[in-house]
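Geometric and topological summary
Below, each chain spelled out in residue letters.
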Amino acid sequence: MTRQTAILEVDALERRFDVSAPWLNRVIERKPRRTLRAVDGVDFSIQRGQTLALVGESGCGKSTIAKLVTGLHPPSAGAIRFHGDRDRMQMIFQDPFASLNPRWRVGRIVAEPLRTLRPGTPEATVAARVSELLSTVGLSPADALKYPHEFSGGQRQRISIARALAGEPEFLVCDEPTSALDVSVQAQVLNLMKRLQREMGLTYLFISHDLSVVRHMADVIAVMYLGRIVEIQPTADLFANPLHPYTRMLLDTIPDLEAPNRERAPMGGEVPSPVSPPRGCSFHPRCPLAFDRCKVERPERHAAVRDGRVACFAAESAADV
Amino acid sequence: MTDTVLDVRNLRVEFPTRKGVLRAVDDISLTIRRGEILGVVGESGAGKSMTGMAILGLLEPPGRIAGGQILLSGERIDTLGEKGLQRVRGRRIGAIFQDPLTSLNPLFRVGDQLVETIRQHTDLGKAQARARAIGLMREVGIPAVEERIDNYPHQFSGGMRQRIVIALALCAEPELIIADEPTTALDVSIQAQITALLKRLCRERGTAVMLVTHDMGVIAETADRVAVMYAGRLAEVGPVEDVVRRPQHPYTAGLMGSIPSLRSDAEDLRMIPGSMPRLDAIPSGCAFNPRCDLAGPRCRRDVPRIAGTGAACWLPLAGSTALTEGETA
Ligand SMILES: Nc1ncnc2c1ncn2[C@@H]1O[C@H](COP(=O)(O)OP(=O)(O)OP(=O)(O)O)[C@@H](O)[C@H]1O
Ligand SMILES: Nc1ncnc2c1ncn2[C@@H]1O[C@H](COP(=O)(O)OP(=O)(O)O)[C@@H](O)[C@H]1O
Ligand code: SF4
Ligand code: SF4
Ligand SMILES: [Mg+2]
Ligand SMILES: [Mg+2]
């Protein structure tokens, strides 16, 4: 991975939220201030034209990273270096309905980023571009006259994609773009996203909790747990040789459609609260390999493992780094 | 077969609307045996939940059962009326829904809710019911039960709440459990815990389970047999290995192909073109015909049906034996 081609570099990124009880309660009930570290020392970079995926369970900080990268939240610490045109960064959300203005016709929705990016574009040019974009995502130009509620979930996600493309993006942040869709519809949207990437050289920060989807889409995968990246590897390596015990457990939850109805022992325990994460390695209460050191010391810097990094004492010694 | 717990015959559910009668469930026949998990799978709007709600007698008016029969251990329950159904629900049929908070009262301690449900359905005294509640909580995997039994629902995580709902559903030792998307709101690692729990309980207690979900992965991990629904109708029914690995219905095959596989490195996923029709625009003949590569004239004219096991398709893909017949039983 050479530095010159990185379009995004994220360095020691941190985002804290104040989740204290209201001031009066704190005084009366003598409750301390409480801080939640939603993102806690995250590093990664994305190469131009590639897809980096963030995976992890609910609340591990994926959407917060998306919001930090797109500038919807300011970081509490750390740096985000974007070597592209900020105006050409777009976002696609999980819920295609909530993110589309219900009172606007599809044509106006899709045209909006175009009008923002190039104010003063003649209306005829805008209309032609909208028709073209709707065709690109597999809808019909006539759909420009309809309202979002007249579309199915998959079609609405196509509208979101058309809108994102209208901003002539080079970089797309996609937060669970297919999680609300049925698999047959998901396949349509994922194929569309891959085609657009090939044809337009787009770069994706792709967020998902679904490892099969991530394997299909990503060049590099970062696995998150409680606000931290615990492992990052090129996709094929991560699946062939997962290094972090949490990654291994996650991989084990993927249903095997070739061998249905197998017996297996599911991962025990639950994701702890990010307000009071366990001391040491935050995964240690659920980790089958945990030893004394894990309970007191945090596996700080990711140990380098070929093209990837892993934050785990056991993996570190196994890899002999 | 004395083993048959649930026997649904030619069930039809309809919603009268201003635009005409919508048929949400169209001629569905299913059986589930003791200790068996039947997965009911299909995309959103296929009629899975309506089938479950009809069995539970919980259809919201104007929705109604417009045809067919529902038998529980050989006894008709679709004709019982609300009074009779209330005795069946909870006692003989347990229900688990996607959002555990629909089954739990936020204002009461979970232990009290379990005790009340147990006493409602059995002759146990208060102390015995509490002992049973503790046993059930332990059985569904709540750690430190004695400490947690007097907590309120909001003090539990989503996965723990769903465990408590499963305990509630088990209170009266029902013959049948209907679980509608029980893991959809949960994280993948918690999902695996809940499906493993359902599987174990069903096996140990001989409970029949109808597991409704849109997630083929959950079905593949959990179900013994699978029923695939499309546009209110059954597309295919069979043992999980057959349906998942050797689907006979072109729709099932398309569905399986559209799931990203861990064993494939194909650049593109297989797609089924188009989308499922709305209830007011079901095509004539086979409901899947506008999306089907194989469709012929007969597909556009006559509705294919399933008798027992197999695919509701005039031109089934090579699988095992396809038992289709032209006319409804
Ligand atoms: N505005 C906020 N105020 C307080 N806490 C927040 C805020 N936004 C996020 N959090 C917390 O930060 C943590 C990370 O949240 P985030 O939304 O990034 O998770 P996620 O990985 O996207 O989860 P999901 O898979 O459920 O979408 C969570 O514990 C969440 O409750
Ligand atoms: N009250 C209602 N009035 C009209 N149609 C309804 C009503 N409730 C559900 N339906 C329709 O019945 C069909 C089946 O719904 P459902 O069983 O909930 O699907 P799913 O397979 O997603 O569980 C859907 O097309 C839905 O829109
Ligand atoms: S550091 Fe220790 S507890 Fe953490 S994942 Fe590695 S072995 Fe497990
Ligand atoms: S009946 Fe005809 S249209 Fe329907 S699935 Fe079979 S081949 Fe396709
Ligand atoms: Mg999120
Ligand atoms: Mg449903």
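Residues numbered from 1 in each chain as written. Chains lettered and ligands numbered in written order. Predicted model: local features only at pLDDT ≥ 70, side-chain atom pairs only at ≥ 80, totals over all residues. Heavy atoms only, no water.

Here we come to the site of ligand 2. Residue and element names in this part refer to chain B. Taken together, the residues surrounding ligand 2 are Phe-15, Ala-24, Glu-43, Ser-44, Gly-45, Ala-46, Gly-47, Lys-48, Ser-49, Met-50 and Leu-279. At 2.7 Å, a side-chain N or O of Ser-49 approaches an oxygen atom of ligand 2. In this structure, an oxygen atom belonging to ligand 2 sits 2.7 Å away from a main-chain N or O atom of Met-50. Protein burial of ligand 2: of its 560 Å² of free accessible surface, 66% is covered by the chains. It is helix α1 (residues 48-56) that contributes the most residues to the shell around ligand 2, three residues altogether. For the shell around ligand 2, the class distribution of residues is five nonpolar, four polar and two charged. (Near = heavy atom within 4 Å. Polar contact = N/O pair within 3.5 Å; in protein donor to acceptor, adjacent residues only side chain to side chain. Areas by Shrake-Rupley, 256 points an atom, 1.4 Å probe, with all protein chains shown as cover. Helix = DSSP H or I, 4+ residues; strand = E, 2+ residues; numbered from the N terminus. Nonpolar A, V, L, I, M, F, W, Y, C, P; charged D, E, K, R; others polar.)

Another point: the interface of chain B and chain A. Taken together, the contacts link 44 residues of chain B with 37 residues of chain A. Across the chain B to chain A interface the summed buried area is about 3600 Å²; carbon plus sulfur atoms make up 52%. Our count for the chain B to chain A interface comes out at five salt bridges. Note that Lys194(A) is salt-bridged to Glu267(B), the shortest N-O span being 3.7 Å. Taken together, chain B and chain A are joined by 17 residue pairs in polar contact (both at pLDDT 80 or more). (Contact = heavy atoms within 4.5 Å. Buried area = accessible area lost by both parts, 1.4 Å probe. Salt bridge = Lys/Arg side-chain N within 4 Å of Asp/Glu carboxyl O.)

Taken together, 13 residues form the shell around ligand 3, and within it Cys281(A), Cys287(A), Cys294(A), Cys312(A) and Phe313(A) come nearest. Considering only residue class, the shell around ligand 3 consists of 11 nonpolar, two polar and no charged.

With that out of the way, let us pick up the pairing of strand β1 (residues 6-18) of chain A. Residue and element names in this part refer to chain A. Where β1 meets strand β2 (residues 35-47), 10 bridges bridge the pair, whose relative direction is antiparallel. By the bridge assignment, Phe-17 is partnered in β2 with Leu-36. Bridge count between β1 and strand β4 (residues 77-82): five bridges; the pairing is antiparallel. Looking across to β4, one finds that Val-10 is bridged to Ile-80. (Pairing = 2+ DSSP bridges.)

Bringing the UniProt feature "domain: ABC transporter" (unreviewed entry) in chain A into the picture now. Following the UniProt record, one finds the feature "domain: ABC transporter" (unreviewed entry) at residues 8-251 of chain A. For the annotated span residues 8-251 of chain A, helix accounts for 38% and strand for 25% of the residues, and the straight-line distance between the end C-alpha atoms is 27 Å. (UniProt positions renumbered as here; feature names shortened; annotations may be inferred.)

So, on to the environment of Leu72(B). Residue and element names in this part refer to chain B. The residue Leu-72 is located in strand β4 (residues 64-72) in this model. Between the C-alpha atoms of Leu-72 and Leu-176, which are 104 residues apart in sequence, the distance is 8.5 Å. Not counting residues within four places of it along the chain, the set of residues in contact with Leu-72 comprises Val-5, Ile-77, Val-88, Arg-92, Ile-93, Glu-175 and Leu-176.

This paragraph deals with the pattern of salt bridges. All names here are of chain A. Taken as a whole and assessed by the stated rule, the structure comprises 40 salt bridges over all chains. The partner of Arg-118 in a salt bridge is Glu-168, and the shortest N-O contact between them spans 2.7 Å. Highlighted residues: Arg-118 in the loop between α3 (106-117) and α4 (123-136) and Glu-168 in the loop between α5 (153-166) and β6 (171-175), separated in sequence by 50 residues. For Glu-168, a relative accessible area of 22% corresponds to the partly exposed category. A cluster of three or more residues bridged by salt bridges with shared partners is formed by Glu-14, Arg-16, Arg-37, Asp-40, Arg-228 and Arg-298. (Buried < 20%, exposed > 50% of the residue type's maximum accessible area, 1.4 Å probe, protein only.)

Right, let's talk about the packing of aromatic side chains for a bit. Residue and element names in this part refer to chain B. One pass over the full model with this rule turns up eight aromatic pairs over all chains. Pairing Tyr-230 with Tyr-251 gives two aromatic rings, centres 4.5 Å apart and planes at 55°, and the pair type is tilted. Here Tyr-230 is found in strand β9 (residues 225-230), whereas its partner Tyr-251 is found in helix α10 (residues 250-257), with 21 residues between them in sequence. With relative accessibility at 4%, the residue Tyr-230 sits in the buried group. (Phe/Tyr/Trp six-rings, centres within 6.5 Å; stacked < 30°, edge-to-face > 60°.)

The next thing to look at is the sheet that holds β1(A). Residue and element names in this part refer to chain A. If you walk across this open sheet you meet the three strands as β2-β1-β4, and the pairing is antiparallel. Where the open sheet ends on each side, the last strands, each with one partner, are β2 and β4. With strand direction ignored, the average angle separating the axes of adjacent strands in the sheet is 15°. Taken strand by strand, helix α2 (residues 62-70) contacts β1, β2 and β4, and its axis lies near 65° from that of β2. (Axes fitted to C-alpha atoms, helices over the stretch in contact; angles between N-to-C directions.)

Turning to unusual backbone geometry, a few remarks are in order. All names here are of chain B. Pro-61 connects to Pro-62 through a cis peptide bond whose omega is 10°. Relative to the assigned elements, Pro-62 resides in the loop between α1 and β4. One non-glycine residue, Ala-144, lies in the positive phi region at around 50°. In this fold, Ala-144 is placed in the loop between α4 (126-139) and α5 (145-148). Since its relative accessible area comes to 43%, Ala-144 is described here as partly exposed. You will see that Ala-231, though not glycine, has its phi angle at about 50°, which is positive. You can call Ala-231 buried: its relative accessible area is 4%.

Glancing now at α1(B). Every buried residue of α1(B) is accounted for by Lys48(B), Thr51(B), Gly52(B), Ala54(B), Ile55(B) and Leu56(B). A positive backbone phi angle near 70° is found at Gly57(B), which sits one or two residues after α1(B).

Turning our attention to helix α7 (residues 188-205) of chain B. Residue and element names in this part refer to chain B. For α7, with 18 residues, the first-to-last C-alpha span of 26 Å sits near the 26 Å given by 1.5 Å per residue. Taking burial as the measure, the 18 residues of α7 include 13 buried ones, the bulk of the element. Backbone geometry just downstream of α7 places Gly-206 in the positive-phi region, at approximately 70°. (Expected span 1.5 Å × (residues − 1).)

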